[in-house]
Amino acid sequence: MKKRIIKAITSKLKEIKSDATIYLDSVLQSDKDFYFVLVVESSGTENVGINVQNKTFLVDIALVNSKKKKEIDKLIEDLVEQCGSFFNVLNIDGNEFFPQDYLDFETDGVQHINFTVAFPQYIEWSEG
């Protein structure tokens, strides 16, 4: 499921800024003026019924202005303001998922957008 989430979010980021470079979580630095760093991690399960639980993934998108250019700061500010509308629905394998728990924050001079995506799973019980 993690790979499908990465694919859906990467596609959405390319819609938002087609010429942006997108790295997965292993990048430390880039020579690009602006780039995204995408991290998707499993964040547990939640029981939502007797036979159903939600498997949840935490998504973190860092918006990096490596050259500290003012016009890129403005771009990042605009993207953060619109993040809820960009990611209000994710289409994964023909199914619509609705991300939750949006949080934007800055750490060490890098702007981040976080949200969670939950996938319902049916639990089969067997008597043994």
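Trainee: Which residues make up the overall build of the chain, and what are the values?
Mentor: Broken down by element type, the chain carries three helices and seven strands. The secondary structure elements of the chain, listed N-terminal to C-terminal, are α-β-β-β-α-α-β-β-β-β. The principal-axis extent of the C-alpha atoms belonging to the chain is close to 65 × 25 × 25 Å. The buried share of the chain, taken over its 128 residues, is 36%. Within the chain, counting contacts between residues at least 6 apart in sequence, those at least 24 apart form 53% of the total. Surface summary for the chain: the accessible area is close to 8100 Å², and the carbon and sulfur share equals 48%. Across the chain, the mean location of the 14 positive side-chain charges is 8 Å away from that of the 21 negative side-chain charges.

Trainee: Give me the packing of aromatic side chains: which residues, what numbers.
Mentor: With the rule as written, the count across this model stands at six aromatic pairs. Here a set of aromatic residues connected by ring pairs shows up, and it is made of Phe57, Phe97 and Phe119. One Lys or Arg, Lys55, reaches over the ring of Phe57 and ends 5.3 Å from the middle of that ring.

Trainee: I'd like to hear about the pairing of strand β2 (residues 34-47), residue by residue, with values.
Mentor: Two faces make up the sheet, and in a regular strand the side chains alternate between them. With four bridges connecting them, strand β1 (residues 21-24) and β2 associate as parallel partners. Its bridge partner lying in β2, Thr21 is registered against Tyr35. With 13 bridges connecting them, β2 and strand β3 (residues 52-65) associate as antiparallel partners. Across the sheet, residue Glu41 finds its bridge partner in β3, namely Leu58. Counting the residues between successive antiparallel strands, the hairpin from β2 to β3 contains four residues.

Trainee: Tell me about the nonpolar core, and please be specific about residues and values.
Mentor: Among the nonpolar cores identified, the biggest contains 28 residues, and Ile9, Val59, Ile61 and Phe115 are the most heavily contacted of them. With five residues, the top contributor of residues to this core is helix α1 (residues 2-16).

Trainee: I'd like a description of α1, backed by residues and values.
Mentor: Over its 15 residues, α1 runs 21 Å from end to end, which matches the ideal 21 Å to within 8%, given 1.5 Å per residue. Taken together, the buried positions of α1 are Ile5, Ile6, Ala8, Ile9 and Leu13. One side of α1 carries all its buried residues, which in axial view fall inside an arc of 165°. Exposed residues on α1 whose side chains face more than 90 degrees from its buried face are Lys3, Lys7 and Glu15.

Trainee: Help me get a handle on the sheet that holds β2, residues and values and all.
Mentor: Strand order in this open sheet of five strands is β1-β2-β3-β7-β6, and the pairing throughout is mixed. Of all the strands in the sheet, just β1 and β6 (100-107) have a single pairing partner and so form its edges. Averaged over all adjacent pairs, the angle separating strand axes in this sheet is 25°, with direction ignored. Along the sheet face, α1 touches β1, β2, β3 and β7 (110-122) and points at about 140° away from the line of β2. Helix α2 (residues 70-81) rests against β2, β3, β6 and β7 of the sheet, and its axis sits at about 160° to β3.

Scoring rules and cut-offs
Residues numbered from 1 in each chain as written. Predicted model: local features only at pLDDT ≥ 70, side-chain atom pairs only at ≥ 80, totals over all residues. Heavy atoms only, no water. Helix = DSSP H or I, 4+ residues; strand = E, 2+ residues; numbered from the N terminus. Buried < 20%, exposed > 50% of the residue type's maximum accessible area, 1.4 Å probe, protein only. Contact = heavy atoms within 4.5 Å. Areas by Shrake-Rupley, 256 points an atom, 1.4 Å probe, with all protein chains shown as cover. Lys, Arg positive; Asp, Glu negative; His and termini not counted. Charge placed at Lys NZ, Arg CZ, Asp CG, Glu CD. Phe/Tyr/Trp six-rings, centres within 6.5 Å; stacked < 30°, edge-to-face > 60°. Lys NZ or Arg CZ within 6 Å of the ring centre and 35° of its normal. Pairing = 2+ DSSP bridges. Core = buried A, V, L, I, M, F, W, Y, C linked by side-chain atoms within 4.5 Å. Expected span 1.5 Å × (residues − 1). Arc of directions from axis to C-beta. Axes fitted to C-alpha atoms, helices over the stretch in contact; angles between N-to-C directions.

The values reported here are purely geometric and, on their own, carry no functional implication.
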